[in-house]
Amino acid sequence: MFSGLDIVVVALVVFVILVLFAGIKTVPQGYQYTVERFGRYTRTLEPGLNLIVPFIERTGARMNVMEQVLNIPTQEVITKDNASVSADAVSFYQVLNAAQAAYQISNLENAIQNLTMTNIRSVMGSMDLDELLSNREVINERLLRVVDEAVGPWGIKVTRVEIKDIQPPRDLVESMGRQMKAEREKRAQVLEAEGSRNAQILRAEGSKQAAVLQAEGEREAAYRQAEARERLAEAEAKATRVVSEAIAAGDVNAINYFVAQKYTEAMAAIGTANNSKIVLMPMEASALIGSLGGIGAIAREVFGDGGDAAANTTRRVAPPRSTPAVNPLDRTPPASRS
């Protein structure tokens, strides 16, 4: 049913379609394709729709230009102070030049992995154990600088190298734990000693201030007591001077009042003393009554008639008679004794 011309036309259309499909290349985002002409690199295809010469050019390496993660396996490292530790890491890299990454190095990931492991041994082996455990950021920075410089000719950019874990030997970990415990106990003792010292200093300062305040208080009290005694002495001196002037003026009642007052105060002090309950002492009652008579005379002169009544009453009090002592061994009648 088809003639030879029809078959040729159909074959020609199919060939054109195949040629078009062979010459059109679609590159996804995040990838770059290399183009080879008769096996030689010519150019790099960017993401999107691209055209190549069919049957003459072909796509070579298909490189992932996104940032990728590469795990570095655990390895043994001997530190500068001959301590054996195990360390593993992770590396982040990105292809910047697809042609160099495809044609400058074979098995790219394996090369980056071995290069990172070698530099981990070099960097960590040049450090002491204590420095190794406390300076991970320094280790990461040195590894990144060395590895990135080494992979530069391959069209690779190493963006980050991180040490994931560092595991010292078990016995070394136990020794470090005991050392840390001893350090903490030492710090605790030092802090306790400093606290005790500060407390003693504060107590001493408090005692000093209390003693100073007490001394100042005693000085103030002594000053006030001395001032009070001085004023009392001035008052007594003034009273004595007034009495002396009255005596010099011929007023005998003033001296009687003064003596009676001192006599009465002395008797009151003896009666209220705490060192004795009963006081036996000879005294002349008429002397005390005479003193009272002097006081009444002064009151009469001061208050007038009202004082006269009191004085007359005082005069009507007769002095008590002295009762002769009776000897219990004397059996002579009283009349005979008189």
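Residues numbered from 1 in each chain as written. Predicted model: local features only at pLDDT ≥ 70, side-chain atom pairs only at ≥ 80, totals over all residues. Heavy atoms only, no water.

1. Observations regarding the overall build of the protein chain
No. 1: Secondary structure assignment for the protein chain yields 10 helices and eight strands.
No. 2: A buried classification covers 21% of the 338 residues belonging to the protein chain.
No. 3: Across the protein chain, contacts joining residues at least 24 apart in sequence account for 60% of those joining residues at least 6 apart. (Helix = DSSP H or I, 4+ residues; strand = E, 2+ residues; numbered from the N terminus. Buried < 20%, exposed > 50% of the residue type's maximum accessible area, 1.4 Å probe, protein only. Contact = heavy atoms within 4.5 Å.)

2. Let's talk about a negative patch on the surface
No. 1: Among the surface-exposed residues, Asp81, Asp128, Asp130 and Glu131 lie close enough to one another that they form a single negatively charged patch.
No. 2: Mapped onto the elements of the fold, Glu131 is located in helix H4 (residues 129–134).
No. 3: Glu131 gets classed as partly exposed once you look at its relative accessible area, which sits at 36%. (Patch = residues over 30% accessible without salt bridge, like charges linked within 9 Å, V, L, I, M, F, W, Y side chains within 5 Å. Areas by Shrake-Rupley, 256 points an atom, 1.4 Å probe, with all protein chains shown as cover. Salt bridge = Lys/Arg side-chain N within 4 Å of Asp/Glu carboxyl O. Lys, Arg positive; Asp, Glu negative; His and termini not counted. Charge placed at Lys NZ, Arg CZ, Asp CG, Glu CD.)

3. Digging into the sheet that holds strand E8 (residues 156–167)
In any sheet, the strands associate via hydrogen bonds between backbone groups, in a parallel or an antiparallel arrangement.
No. 1: What the three strands build is an open sheet, ordered E6-E7-E8; its pairing is antiparallel. The open sheet terminates on both sides in strands that have one partner only, identified here as strand E6 (68–78) and E8. Across this sheet, the average inter-strand angle for adjacent strands is 20°, counted without regard to direction.
No. 2: When strand E7 (residues 84–95) meets E8, the two strands line up antiparallel, connected through 10 bridges. Across the sheet, Tyr93 pairs through a bridge with Val158, a residue of E8.
No. 3: The sheet contacts of helix H3 (residues 108–125) involve E6, E7 and E8, and relative to E6 the element is tilted by about 40°. (Pairing = 2+ DSSP bridges. Axes fitted to C-alpha atoms, helices over the stretch in contact; angles between N-to-C directions.)

4. A few points about a nonpolar patch on the surface
No. 1: On the surface, a cluster of nonpolar side chains totalling about 1,200 Å² of accessible area is made up of Leu12, Phe15, Val16, Leu20, Ile24, Phe38, Leu49, Leu51, Val53, Phe55 and Ile56.
No. 2: Mapped by element, the contributors of at least two residues to the nonpolar patch are helix H1 (4–23) and strand E4 (48–51).
No. 3: A total of four residues in the nonpolar patch trace back to one element, the largest contributor, which is H1.
No. 4: Mapped onto the fold, Phe15 is located in helix H1.

5. A few points about the packing of aromatic side chains
No. 1: Counted according to the given criterion, the structure contains one aromatic pair.
No. 2: The ring centre of Tyr33 lies 4.7 Å from the NZ or CZ of Arg62, which sits over that ring. (Phe/Tyr/Trp six-rings, centres within 6.5 Å; stacked < 30°, edge-to-face > 60°. Lys NZ or Arg CZ within 6 Å of the ring centre and 35° of its normal.)

6. Looking at the sheet that holds strand E5 (residues 57–64)
No. 1: Spatial ordering of the open sheet is given by E3-E2-E5, a layout of three strands whose pairing is antiparallel. With partners counted over all chains shown, the strands left at the sheet margins are strand E3 (40–45) and E5, one partner each. Taking each pair of neighbouring strands and ignoring which way they run, the sheet shows an average axis angle of 30°.
No. 2: In this structure, strand E2 (residues 31–37) lies alongside E5, joined through six bridges in antiparallel fashion. Residue pairing in the sheet places Glu36 in a bridge with Arg58 of E5.

7. Some words on the pattern of salt bridges
No. 1: Overall, the coordinates contain seven salt bridges when judged by the stated rule.
No. 2: The shortest N-O distance in the salt bridge between Glu220 and Arg224 comes to 3.2 Å. Highlighted residues: Glu220 and Arg224, both in helix H6 (residues 170–248), separated by four residues, approximately one helical turn.
No. 3: Arg224 gets classed as exposed once you look at its relative accessible area, which sits at 53%.
No. 4: The closest approach of N and O atoms between Arg231 and Glu227, which form a salt bridge, is 2.8 Å. Taken together, the residues span about one helical turn, with Arg231 and Glu227 both in helix H6 at a distance of four residues.
No. 5: For Glu227, a relative accessible area of 25% gives the class partly exposed.
No. 6: Through salt bridges with shared partners, one network takes in Arg37, Arg43 and Glu57.

8. Things to note about the confidence of the model for the protein chain
No. 1: Summarising the model, the protein chain shows a mean pLDDT of 78, and 75% of its residues fall at 70 or more.
No. 2: Put simply, helix H10 (residues 334–337) is where the protein chain has its lowest mean pLDDT, 41, and E2 is where it has its highest, 93.
No. 3: Across residues 305–338, where pLDDT falls below 50, the model places 13 contacts with residues more than four positions away in sequence or in other chains. (pLDDT = per-residue confidence, 0-100.)

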